[in-house]
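# Coordinate analysis (summary)
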Amino acid sequence: RCAEGIELARYYSRRRKIPQSNLLLLDAPTAEACSRGTYEQEIAAPVREYLAAVQPASRVRCLVLVYGIPLRIKPAVKAQTEDTSPFKARQAQLQEMIGDPDEAGSPSSSAVVEERELLRNQLNQLKIFGDSVASVDSELSVVKAAEAPVDGWIENPFYIGFHNRPAAISRKDVLMVSRLDGPTRESVRRIIDDTIRAESQGLTGIAYFDARWPIDHSSEPSGYRLYDNSIHRAAEQVRKTGKLPVRLDESAALFQPGQCPDAALYCGWYSLAKYVDAFEWRTGAIGYHIASSECTTLKEKESQVWCKRMIEKGVCATVGPVAEPYVQAFPMPEIFFGFLTEGILSLAECYMVSLPFLSWKMVLIGDPLYKPFSALSSES
């Protein structure tokens, strides 16, 4: 048990008037990574036991992990010992066919881009199939489904983009999961205080969206283009609400230092594990950066991953993966920011309806109850 985490959990409970009986103490390690066995025995098992004792069981809809709980689950032992030579050979073959990644992002031949995209999708599917690395948070979202597979991801039945598909898992077995965490105890307390302050006043400032290309109007964009288009549409949705001024950049360059004063919302890509200090964050700010490993750590002092640095610089809520998630695993920006600025759903609910996959890599950091536009929405 982490004494600082327990103190913060009790502080959050008091600020949000949550009964102390809702506090579950775990004898889990405080390191950021834990084994699959440790997760199952010291985190998942007591959570399942607690949920089974709650009546009615449906009363618990959200779990909040607090400072001191491990962040990611290391690969299962079997993933390191099984004979995967045919699997690895096919990976190598596909990688050779793809060639070097296109760093420029604007190749001259769309046919080449589409062919590489198809090959990358095949390669990624192979990798996903045998991948057991996950965030503790994402695994806990399906903790009630004890028979859920360890490897790979599970389609989220609450994701709006899957509403016409047969559900891979029942909604009753899915929990929302958020995390009150950060580099220090003080940063977590600041998140709690700033969230409640911003919620009472309404979040104000500027919404920044950092795409890399002009919007692609083709009928079926995929991969990077799909998410780049979604950033464009998120900007347009926020603009239409009239609640915040919007700045959309569609050039390949990222926002640079000094270019983003009064930042209230942000979504952009792609600077891998290298935070760009372009923002002056408003109290209550929310944002995330679409890149592969931006929540691999919240504690390593020299790390420049975006989740850690954004918290250090003042955001109240952010999202990131603990390992390579592949771009299609990120919350869809237009859905997340669209519902967020509408002011009806909470932070955790906006995340859940915009998140394609569970039992995977993603982490939501912030107060799950946060509604930064609820006060403004009631006035408009």
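Data block above holds the structure.
In short, a report on the structure. Computed from a predicted model, the values in this text were never measured in an experiment.

Within the protein chain, the secondary structure is distributed over twelve helices and 13 strands. Look at the contacts in the protein chain between residues 6 or more apart in sequence, and 73% of them connect residues 24 or more apart. Here the protein chain has roughly 17,100 Å² of accessible surface; of this, 52% comes from carbon and sulfur atoms.

Side chains that are nonpolar tend, in soluble globular proteins, to be buried together. Counting 55 residues, the largest nonpolar core has Phe 209, Leu 265, Ile 290, Phe 336, Phe 337 and Leu 340 as the members making the most contacts within it. Those elements giving two or more residues to this core turn out to be β7 (206-210), α8 (223-241), β9 (260-268), β10 (279-289), α10 (333-342), α11 (347-354), β12 (357-358) and β13 (362-365). For this core, the leading source of residues is α11, giving six residues. For Leu 265, the residues in contact, after removing those within four places along its chain, are Leu 203, Ile 206, Ala 207, Tyr 208, Val 238, Leu 244, Ile 286, Phe 337, Leu 340, Thr 341 and Phe 373. Residues Ala 9, Ala 263, Ala 285 and Val 363 belong to the second largest nonpolar core, which totals 36 residues.

Take the packing of aromatic side chains next. Inspection of every chain in the model, using the stated rule, returns 18 aromatic pairs. Judged by centre distance (5.5 Å) and plane angle (25°), the ring pair of Tyr 224 and Trp 269 falls under stacked. A residue pair is termed long-range when its members are at least 10 positions apart, and Tyr 224 in helix α8 and Trp 269 in the loop between β9 and β10 qualify at 45 residues. Its relative accessible area of 5% is what places Trp 269 among the buried residues.

Conventions we followed
- Residues numbered from 1 in each chain as written.
- Predicted model: local features only at pLDDT ≥ 70, side-chain atom pairs only at ≥ 80, totals over all residues.
- Heavy atoms only, no water.
- Helix = DSSP H or I, 4+ residues; strand = E, 2+ residues; numbered from the N terminus.
- Contact = heavy atoms within 4.5 Å.
- Areas by Shrake-Rupley, 256 points an atom, 1.4 Å probe, with all protein chains shown as cover.
- Core = buried A, V, L, I, M, F, W, Y, C linked by side-chain atoms within 4.5 Å.
- Buried < 20%, exposed > 50% of the residue type's maximum accessible area, 1.4 Å probe, protein only.
- Phe/Tyr/Trp six-rings, centres within 6.5 Å; stacked < 30°, edge-to-face > 60°.

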